[in-house]
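Below are the chains, spelled out letter by letter.
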Number of protein chains: 2
Amino acid sequence: MNEQEKNTEEEILDAASRIFQKKGMSGARMQEIADEAGINKSLLHYYYRSKDKLFLSVFRQAVKNLIPGIRNILFTDMPLFDKLDRFIREYMGVLLGNPFLPMFILHELQRDPDRLFKEFQKAGIEPSRILHQFEQSMEKGEMRRISPRHLMINVLSLCVFPVAARPMMQRFLFDNDAEAYQAFLNERADVVSEFVINAIRP
Amino acid sequence: MNEQEKNTEEEILDAASRIFQKKGMSGARMQEIADEAGINKSLLHYYYRSKDKLFLSVFRQAVKNLIPGIRNILFTDMPLFDKLDRFIREYMGVLLGNPFLPMFILHELQRDPDRLFKEFQKAGIEPSRILHQFEQSMEKGEMRRISPRHLMINVLSLCVFPVAARPMMQRFLFDNDAEAYQAFLNERADVVSEFVINAIRP
DNA sequence: AAGTAGTTTAACCATTTGGTCAAATATAAA
DNA sequence: TTTATATTTGACCAAATGGTTAAACTACTT
């Protein structure tokens with residue numbers, strides 16, 4: 001019973017996650033989510049009181065999936081290039097395991113930035129530490145001079161964009177060949193890591 | 001009269017563009033668009049028969065804004081590094097002039113990929129030419145070896161992502177300081193150009 | 001067996017939303 | 001001025017949508 005409850009509740013959350021990620025908050029229909037979960041629409045309201053609450057639960061879960069692996073790496077003591085390499089690999093891994101997350105988060109954050117960004121702050125990621133390490137490495141001459149924030153965004157861009165823009169890029173550069181694009185994404189960690197390190201090697 | 005018509009029709013398109021870009025197709029309401037244009041809702045249906053048709057007009061216009069400046073550069077004969085530099089500058093310029101376009105296009109393309117991608121094909125962008133130039137430059141030893149497609153996506157990523165992910169990044173890296181982020185974006189063309197060229201210089 | 005609390009469903013409701021239509025208004029041609 | 005045509009509006013409609021409720025069902029306790 002408690003098992004069944006967990007199952008239903010979780011099944012709803014998974015179904016809602018799939019629908020929300022595909023269609024966004026406003027594009028998703030409660031009936032659609034209920035169908036996807038194989039249950040009655042009223043059950044959605046029984047477990048999560050409103051569409052808004054259900055959405056927030058999904059969004060929180062999404063943030064949870066995206067954040068924690070990364071934090072460990074950023075907070076570890078490690079030579080810069082090693083850390084960059086490990087971060088890129090870890091981050092690409094998370095993205096490939098949740099390919100719809102980036103667009104989902106970016107789009108919903110545009111819809112309701114302040115409220116949803118708070119969910120991120122709860123996860124407690126602090127960029128200042130890694131930005132500081134960038135500066136130190138520059139002072140020590142271990143890397144070229146570049147604005148730490150630009151470098152940070154460069155790394156994120158190179159990882160996130162190819163996953164988020166897949167529907168566009170797969171068609172644009174790969175003739176809509178899904179397998180080819182998947183292979184392409186699987187090479188990405190190597191390519192990005194090499195690209196970034198080449199760009200900043202002194 | 002014909003003037004007034006053009007004015008009304010265009011005013012509607014502009015209003016619709018603003019609303020659609022902010023809220024997406026499914027998040028936008030016809031009434032909201034009518035209000036934004038300062039007219040009656042029926043007028044929307046008088047000029048554009050349905051929401052879907054109105055959306056398609058907006059999307060087409062968006063593609064038009066995004067594409068043409070770029071094509072010229074890609075099709076020009078120029079040394080590789082110069083071409084990359086000019087492309088990055090031109091592309092960043094277009095993006096900064098239409099900051100909501102990227103997310104709009106990416107999100108809507110995820111909703112209805114095949115139909116909307118055709119609108120791009122009409123614009124007639126052909127990646128094969130620039131990919132080919134990448135290969136030739138590698139053979140001549142003018143640049144490091146890297147998969148042309150990866151390089152292409154790297155450049156696009158570095159330009160598009162910081163604009164598309166602004167609501168996230170401005171808060172994450174800049175304490176939600178809008179002016180600081182704008183300044184950051186204005187430096188981008190320089191930074192990206194240098195970053196890319198450093199990464200591939202032999 | 002009966003009671004109790006949690007779970008699920010079908011029927012229903014109020015509001016929103018895209019869309020229609022006939023009437024009204026402006027515009028230009030005759 | 002009259003006539004024809006294009007533009008604009010307000011009232012209205014049917015469908016979709018998020019949400020409610022009372023009843024039915026289940027499982028567990030006594």
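Everything quoted here is computed from the prediction, not taken from an experiment.

S.K.: Any chance you could explain the domain arrangement of chain A here in plain terms?
M.R.: Often, the extent of an interface is quoted as the loss of accessible area upon association of its parts. Residue and element names in this part refer to chain A. Domain boundaries in chain A define domain 1 (2-61) and domain 2 (67-200). Taking the mean C-alpha position of each, domain 1 and domain 2 sit 29 Å from one another. Residue-level contacts link 10 residues of domain 1 with 12 residues of domain 2. Both sides together, the interface formed by domain 1 and domain 2 hides about 1100 Å², and carbon and sulfur atoms give 64% of it. Seen at the junction of domain 1 and domain 2, the total is 2 salt bridges. We note a salt bridge from Arg60 to Glu119, for which the minimum N-O separation is 2.7 Å. The interface formed by domain 1 and domain 2 contains 4 residue pairs in polar contact (both at pLDDT 80 or more). At the level of secondary structure, the elements contributing two or more residues to the side of domain 1 that touches domain 2 comprise helix H1 (2-27) and helix H4 (51-66). For the side of domain 1 that touches domain 2, the element with the highest residue contribution is H4, accounting for 6 residues. For the side of domain 1 that touches domain 2, the per-class residue count stands at 6 nonpolar, 2 polar and 2 charged.

S.K.: Just checking my understanding: could you explain the environment of B:Asp190 for this structure?
M.R.: Its location among the elements puts B:Asp190 in helix H12 (residues 178-200). Remark: the alpha-carbon pair of B:Asp190 and B:Gln136, spanning 54 residues in sequence, is separated by 25 Å.

S.K.: What's the story with the interface of chain B and chain A in this structure? I'm lost.
M.R.: Contacts between chain B and chain A engage 51 residues on the former and 51 residues on the latter. Buried surface at the junction of chain B and chain A, both sides included, amounts to about 5100 Å², of which 73% is carbon and sulfur. Considering only the surface of chain B that becomes buried against chain A, B:Gln110, B:His150 and B:Phe195 emerge as the three largest contributors, covering 14% of it. Taken together, chain B and chain A are joined by 2 salt bridges. Notably, a salt bridge pairs B:Asp114 with A:Arg171, separated by 3.0 Å at the nearest N-O pair. Counting residues per element, the side of chain B that touches chain A draws most heavily on helix H10 (residues 148-164) of chain B, which supplies 12 residues. When the residues that make up the side of chain B that touches chain A are grouped by side-chain class, the tally is 34 nonpolar, 10 polar and 7 charged.

S.K.: Looking at this model, I keep getting lost on the relation of the copies chain B and chain A. Mind explaining?
M.R.: Turning one copy of the chain about an axis and sliding it along that axis gives the other copy, so a rotation and a shift relate them. Overlaying chain B with chain A gives an RMSD of 0.0 Å, the required rotation being 180° about an axis along which the chain moves by 0.0 Å. Classification of the inter-copy transformation places it as that of a two-fold axis. Looking at the rotation axis and the C-alpha trace of chain B, the residue lying nearest is B:Ala199, at 1.9 Å. A shared interface surface links the copies, since 100% of the contact residues of chain B are contact residues in chain A too.

Rules behind the numbers
- Residues numbered from 1 in each chain as written.
- Chains lettered and ligands numbered in written order.
- Predicted model: local features only at pLDDT ≥ 70, side-chain atom pairs only at ≥ 80, totals over all residues.
- Heavy atoms only, no water.
- Domains from an automatic or database assignment.
- Contact = heavy atoms within 4.5 Å.
- Buried area = accessible area lost by both parts, 1.4 Å probe.
- Salt bridge = Lys/Arg side-chain N within 4 Å of Asp/Glu carboxyl O.
- Polar contact = N/O pair within 3.5 Å; in protein donor to acceptor, adjacent residues only side chain to side chain.
- Helix = DSSP H or I, 4+ residues; strand = E, 2+ residues; numbered from the N terminus.
- Nonpolar A, V, L, I, M, F, W, Y, C, P; charged D, E, K, R; others polar.
- Least-squares fit on C-alpha atoms with pLDDT ≥ 70 in both.

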